[in-house]
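Residue-level structure breakdown
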Amino acid sequence: MSLTSHFRRRERKKILGIVALVAGVLALAPGPVPGQVRKTCEGGVTLKLNAGVTAQGSLLIVEVAGPKLLAEFAGDWDGRAIPLWREGEKSGTLHGLIGVDLEKAPGRYAWKVSWKNAAGEAKSCSAFVTVRAGKFPTERLQVEKQFVQPDPEQQKRAEEDQKKMRAIFESVTPERYWDGKFLLPLKGVTTGGNFGRRRILNGEARSPHAGVDFPALAGTPVFSTQGGKVALAEELYYSGNTIVIDHGYGIYTLYAHLSEIEAKAGQMVRAGEEIGKVGATGRVTGPHLHWGLTVERARVNALQIVQRKP
Ligand SMILES: [Zn+2]
């Protein structure tokens, strides 16, 4: 081996080492995640969205970072107030969740954040999100006739249930009852489906399926997916024995078709606390857990809140 070729080989190794090191550092650097939106606004305020393009029925994770002097931050999404909160007292970052309803018209929407600067002046800044149509399959089911063509009395009951649910989802508790990650409602059952399915029952088109269905045996324990206050715990016409938990800031989870309800309205529950048992009450074709998530009135895929990092 000549001295020059030995030198060249050593040099090449060194260069390759430097290239690998630089690549490693680049991989570790917190750069922008593909698809994420980061907008720099006046006064050093930054708006962050986990996606600039999303589908109907999705959950958007948002963050606002800015100097501590700024105050009175408020968020708005298509005319709806979006609460912002701090996770940790000293944190300079505000967090929020935006629900993109299952039937929200595809288009471009603004998430607008307003605040007051150190001089007390009102400021605002917007980031944009494109909502695309979700790809939801259509399912045809045969259910008992009374659930497709209810008699006037059953119809009245169903309408009263709906009114009650709307009133619950309309109210936004200005307090966060949860902490950390959202859990799944069943132990050992991690796959759920049917979210967003357009349904044709006994040949008639019905509203899309707004929850996630988990197959499970009747009697399987159901757990609260995070801390909250029980907003409803009773039998409803279509969803059978139902529990709705208010997690605060307009975030609600719903558990339907239960065989047993083990919580009372007004009661506080912890994350992972047993609240009932899987059943087949209401409009069903068999026992399963229907789990729903509503964020500021928008019906979104509940599985997406489990994937969110605290
Ligand atoms: Zn369901």
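Computed from a prediction, not measured in an experiment: that's the story for all the values here.

So, how was this worked out
- Residues numbered from 1 in each chain as written.
- Predicted model: local features only at pLDDT ≥ 70, side-chain atom pairs only at ≥ 80, totals over all residues.
- Heavy atoms only, no water.
- Helix = DSSP H or I, 4+ residues; strand = E, 2+ residues; numbered from the N terminus.
- Buried < 20%, exposed > 50% of the residue type's maximum accessible area, 1.4 Å probe, protein only.
- Areas by Shrake-Rupley, 256 points an atom, 1.4 Å probe, with all protein chains shown as cover.
- Pairing = 2+ DSSP bridges.
- Axes fitted to C-alpha atoms, helices over the stretch in contact; angles between N-to-C directions.
- pLDDT = per-residue confidence, 0-100.
- Contact = heavy atoms within 4.5 Å.
- Donors = N, O, S within 2.8 Å, 3.2 Å for Na, K, Ca; no water.
- Salt bridge = Lys/Arg side-chain N within 4 Å of Asp/Glu carboxyl O.

Time to look at the overall build of the protein chain. Check the secondary structure of the protein chain and you find three helices and 23 strands. Within the protein chain, the fraction of its 310 residues that count as buried is 44%. Carbon and sulfur atoms make up 54% of the accessible area of the protein chain, which totals about 16,500 Å².

Now for the sheet that holds strand β6 (residues 80-82). Spatially, β3-β10-β9-β5-β6 is the arrangement adopted by the five strands of the open sheet, whose pairing is mixed. The open sheet is flanked by β3 (53-55) and β6, the only strands paired with a single partner. Pairwise comparison of adjacent strand axes, ignoring direction, gives a mean angle of 35° for this sheet. As judged from the 10 bridges shared by strand β9 (residues 107-116) and strand β10 (residues 122-132), these two strands associate in the antiparallel manner. In the strand pairing of β10, tryptophan 111 is matched with alanine 127.

In this model, tyrosine 249 sits at a positive phi of 55°, which is unusual for a non-glycine residue. The class for tyrosine 249 is buried, based on a relative accessible area of 15%. The backbone of arginine 297 shows a phi angle near 75°, a positive value even though the residue is not glycine. Positionally, arginine 297 belongs in the loop between β22 (288-295) and β23 (298-300). Judged by relative accessible area, arginine 297 falls into the partly exposed class, the value being 42%.

So, on to the pairing of strand β1 (residues 37-40). Of the strand pairs in this sheet, β1 and strand β2 (residues 46-49) are connected by four bridges, and their pairing is antiparallel. Across the sheet, arginine 38 pairs through a bridge with lysine 48, a residue of β2. The hairpin formed by β1 and β2 contains five residues between the paired strands, and glycine 43 there has a positive phi angle of roughly 70°.

The next thing to look at is the confidence of the model for the protein chain. In the predicted model, the protein chain carries a mean pLDDT of 87, and 88% of its residues have values of at least 70. Ignoring residues within four places in sequence, the model shows residues 18-31, a span with pLDDT below 50, making zero contacts including any to other chains.

On to the coordination of the zinc ion. The coordination sphere of the zinc ion, as far as protein atoms go, consists of His209 (NE2), Asp213 (OD) and His290 (ND1), spread over 2.1 Å. Along the chain, the residues donating to the zinc ion fall in the pattern H-x3-D-x76-H. Here aspartate 213 is found in strand β14 (residues 211-215), whereas its partner histidine 290 is found in strand β22, with 77 residues between them in sequence.

Okay, the pairing of strand β16 (residues 228-236) next. Pairing of β16 with strand β20 (residues 268-269) involves two bridges; the strand directions are antiparallel. When the sheet's bridge partners are listed, glycine 228 is paired in β20 with valine 269. Relative to strand β17 (residues 240-248), β16 runs antiparallel, the two sharing seven bridges. Each bridged residue has a counterpart across the sheet, and for glutamate 235 the counterpart in β17 is asparagine 241. Counting the residues that bridge the hairpin from β16 to β17 gives three residues.

This part covers the pattern of salt bridges. Side-chain pairs of opposite charge can arise where the charged atoms are in close proximity. Considering all chains together, one arrives at 13 salt bridges under this definition. A salt bridge links lysine 104 to aspartate 78, with the nearest nitrogen and oxygen atoms 2.6 Å apart. Taken together, the residues lysine 104 in the loop between β8 (93-99) and β9 and aspartate 78 in the loop between β5 (71-77) and β6 connect sequence positions 26 residues apart. Since its relative accessible area comes to 15%, lysine 104 is described here as buried. Residue classification places aspartate 78 among the partly exposed positions, given a relative accessible area of 46%. Among the ionic pairs, aspartate 101 bridges to arginine 299, the shortest N-O distance being 2.8 Å. Separated by 198 residues along the polypeptide, aspartate 101 in the loop between β8 and β9 and arginine 299 in strand β23 bring together distant segments of the chain. Within this structure, Asp101, Glu103 and Arg299 form a network of salt bridges that share partners.

Reading across from one edge, β11-β12-β13 is the order of the three strands in this open sheet, with mixed pairing throughout. A single partner strand is all that each edge strand has here, and the edge strands are β11 (138-141) and β13 (204-206). Across the sheet, the mean angle separating the axes of adjacent strands is 30° when strand polarity is ignored. Here strand β12 (residues 198-201) pairs with β13 via three bridges, running antiparallel. The partner of leucine 201 across the bridge, within β13, is glutamate 204.

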